[in-house]
Protein chains: 2
Amino acid sequence: MSNFGFTRLRLVNAYDVAYQEARSAVGASPILQEARNFGLLAEAIADCGLVVGATSVGHRELKHSLRRLEYGARALRQHLREGPAALLFGSEKYGLSNEDLSYCHWLVRIPARRDRGSMNLGQAVAVCLYEFVRSSAAASARPARPTPAPGGDLDRLTESWLEALTESGYVNPVTSHSTRLKLRRLFRRLRMGAEDCELMLGMLRQIQWKLESARGEPASRDAEPRR
Amino acid sequence: MSNFGFTRLRLVNAYDVAYQEARSAVGASPILQEARNFGLLAEAIADCGLVVGATSVGHRELKHSLRRLEYGARALRQHLREGPAALLFGSEKYGLSNEDLSYCHWLVRIPARRDRGSMNLGQAVAVCLYEFVRSSAAASARPARPTPAPGGDLDRLTESWLEALTESGYVNPVTSHSTRLKLRRLFRRLRMGAEDCELMLGMLRQIQWKLESARGEPASRDAEPRR
């Protein structure tokens, strides 16, 4: 609940010792501290204009209208603009009783495999609340691309690679042009960003400097390129 | 994983005694029994063409492309048509290390509150796998409506109410027409289904029978209406 920004927890008949201890513990979460405990479900939902029961498996013959979570969450969200509403979960062990279900206007079903038994309660709650806060727009929004490297940078990178490959004997100067074309295509295929291009250029400069040093040319500290 | 139909669990360095016990226990889930344990992350993902890291809070300065789960799950689903891919979770306590992250092509972020700390690992996994199996079409699909009651049935229901209300003194026969209009509007506003209309008619018949009996008319068992 906390992770997804929900705060109002109401419990029915929470007689669990572990719960009472967790609640009074030092550092208990505000949600737990402010949770209200009711003797009857009817009291817990008395101010709610809509009560939606959550179920992952329908092993009983359900007498309720059952909506997929994606649709149900949207309808519940719309209702919440007008007044309080409740999303009702049963106990981990028994789920919602027929008595509980009779207070529900309709049910949402988490689209889980029916043949795999019921879900862990904490996971079912997390999935339902996630569905509330997730954005349908985000599914089609492309992530921001890094600034693409300008063609000139890609060309410098290509030439730098080519020099390093020539120096190391991977290509010989005569046949190097086909390798140049390969590299050119490679960096465009990678859609390399400007920063990544700079990074790789710096690394290549260092490699070239080392290759040249190894060839016997005197390597002075002054000649070491800026990374 | 089981609830959402995923089967291939790979673990890295799972030395936990509790895990080994759970795995060898009688009745351990097939997922746990068939889970593969690797010494290194690189080995666990060696056959994967795409590795996506899952994170709920970005407290480190992330050097990765971060996509909202809604978008990321879609991209990952598309990749899975072509070959194996991995969704990578860190440990409950420490999350993904920088070393782990360096194996990821990009990251998905669960849209949780950044100020509320990290999510429970089991809940984070459930939310991510739910996003895989949920249907974007379901968000706009209206639930099937029950067969609406035909106008004739609604009229019978209205008259039946009116008789019961007259019998019980709620309306008198002279001013009953305005109540008839109220009832007529009510049942149309409720968009009552055919079955519910039948159900209420049956209940009203019983009430009328009781009211008539109470008035002193002899109530014989034969006169009790069919429910």
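Residues numbered from 1 in each chain as written. Chains lettered and ligands numbered in written order. Predicted model: local features only at pLDDT ≥ 70, side-chain atom pairs only at ≥ 80, totals over all residues.

Regarding the sheet that holds strand β5 (residues 85–88) of chain A
All names here are of chain A.
Here comes step 1: In spatial order, the strands read β4-β6-β3-β5; together these four strands make up an open sheet with parallel pairing. The sheet is open, and its two borders are formed by β4 (66–68) and β5, each paired with just one other strand. Averaged over all pairs of adjacent strands, the angle between their axes in this sheet comes to 30°, without regard to strand direction.
Here comes step 2: As paired elements, strand β3 (residues 50–55) and β5 share four bridges and run parallel to each other. Within β5, the residue paired with Gly53 across the bridge is Leu88.
Here comes step 3: Sheet strands touched by helix α4 (residues 69–80): β3, β4, β5 and β6 (106–109). Its angle to β4, the strand with the most contacts, is close to 100°. (Pairing = 2+ DSSP bridges. Helix = DSSP H or I, 4+ residues; strand = E, 2+ residues; numbered from the N terminus. Axes fitted to C-alpha atoms, helices over the stretch in contact; angles between N-to-C directions. Contact = placed C-beta atoms within 7 Å.)

Section: the relation of the copies chain A and chain B
Here comes step 1: Structural alignment of chain A on chain B gives an RMSD of 0.1 Å, achieved by rotating through 180° and translating 0.0 Å along the axis. Such a turn and shift between the copies fits a two-fold axis.
Here comes step 2: Comparing interface residues between copies, 100% of those in chain A also lie at the interface in chain B; the contact surface is shared. (Least-squares fit on C-alpha atoms with pLDDT ≥ 70 in both.)

Details of the domain arrangement of chain A
Here comes step 1: On domain assignment, one finds that chain A holds domain 1 (10–139) and domain 2 (151–223).
Here comes step 2: Here the C-alpha centroids of domain 1 of chain A and domain 2 of chain A sit 60 Å apart. (Domains from an automatic or database assignment.)

Quick look at the environment of Thr147 of chain A
Residues and elements named next belong to chain A.
Here comes step 1: Positionally, Thr147 belongs in the loop between α6 (121–133) and α7 (151–167).
Here comes step 2: Remark: the alpha-carbon pair of Thr147 and Arg191, spanning 44 residues in sequence, is separated by 9.7 Å.
Here comes step 3: When neighbours within four sequence positions are excluded, Thr147 is seen to be in contact with Gly193 and Ala194.

Focus on the nonpolar core
Here comes step 1: Core analysis: the biggest nonpolar cluster contains 52 residues, and Val52 and Val127 of chain A together with Val52 and Val127 of chain B have the highest contact counts within it.
Here comes step 2: In this view, Val52 of chain A contacts Gly72, Leu76, Ala85, Leu87, Leu88, Cys104, His105, Trp106, Leu107 and Val108 of chain A; residues no more than four positions away in its chain are not counted.
Here comes step 3: One finds Leu154, Trp161, Ala164 and Phe187 of chain A within the second-largest nonpolar core, a separate group that totals 11 residues. (Core = buried A, V, L, I, M, F, W, Y, C linked by C-beta atoms within 7 Å. Buried ≥ 20, exposed ≤ 12 C-beta atoms within 10 Å, placed from the backbone.)

Details of the sheet that holds strand β3 (residues 50–55) of chain B
All names here are of chain B.
Here comes step 1: Ordered by their spatial adjacency, four strands build an open sheet running β4-β6-β3-β5, and the pairing between neighbours is parallel. Looking at strand neighbours, the two that pair on one side only are β4 (66–68) and β5 (85–88), the edges of this open sheet. Between one strand axis and the next, the sheet turns by 30° as a mean value, whatever way the strands run.
Here comes step 2: Lying over the sheet, helix α4 (residues 69–80) contacts β3, β4, β5 and β6 (106–109), oriented at roughly 100° with respect to β4.

Notes on the packing of helix α7 (residues 151–167) of chain B against helix α9 (residues 194–214) of chain B
Residue and element names in this part refer to chain B.
Here comes step 1: As a packed pair, α7 and α9 sit with axes 9 Å apart at the nearest point and diverge in direction by 25°. Taken together, the axes of α7 and α9 lie roughly parallel to each other. Helix-helix and strand crossings are classified by hand; for α7 and α9 the assignment is left-handed. Together, Asp153, Leu154, Arg156, Leu157, Ser160, Trp161, Glu163, Ala164 and Glu167 of α7 and Ala194, Cys197, Met200, Leu201, Leu204, Arg205, Ile207, Gln208, Leu211 and Glu212 of α9 make up the contact between the two elements. (Parallel < 35°, antiparallel > 145°, perpendicular 65-115°, else oblique. Left-handed = near helix turned anticlockwise from the far one by under 90°.)

Structural notes on the interface of chain A and chain B
Here comes step 1: On the side of chain B, 30 residues touch chain A, which itself brings 30 residues to the contact.
Here comes step 2: Taken together, the elements giving at least two residues each to the side of chain A that touches chain B come down to β4, α4 and α6 of chain A.
Here comes step 3: Sort the elements by how many residues they give to the side of chain A that touches chain B and α6 of chain A lands first, with six residues.
Here comes step 4: Here the residues of the side of chain A that touches chain B are counted per class, giving 13 nonpolar, 10 polar and seven charged. (Nonpolar A, V, L, I, M, F, W, Y, C, P; charged D, E, K, R; others polar.)

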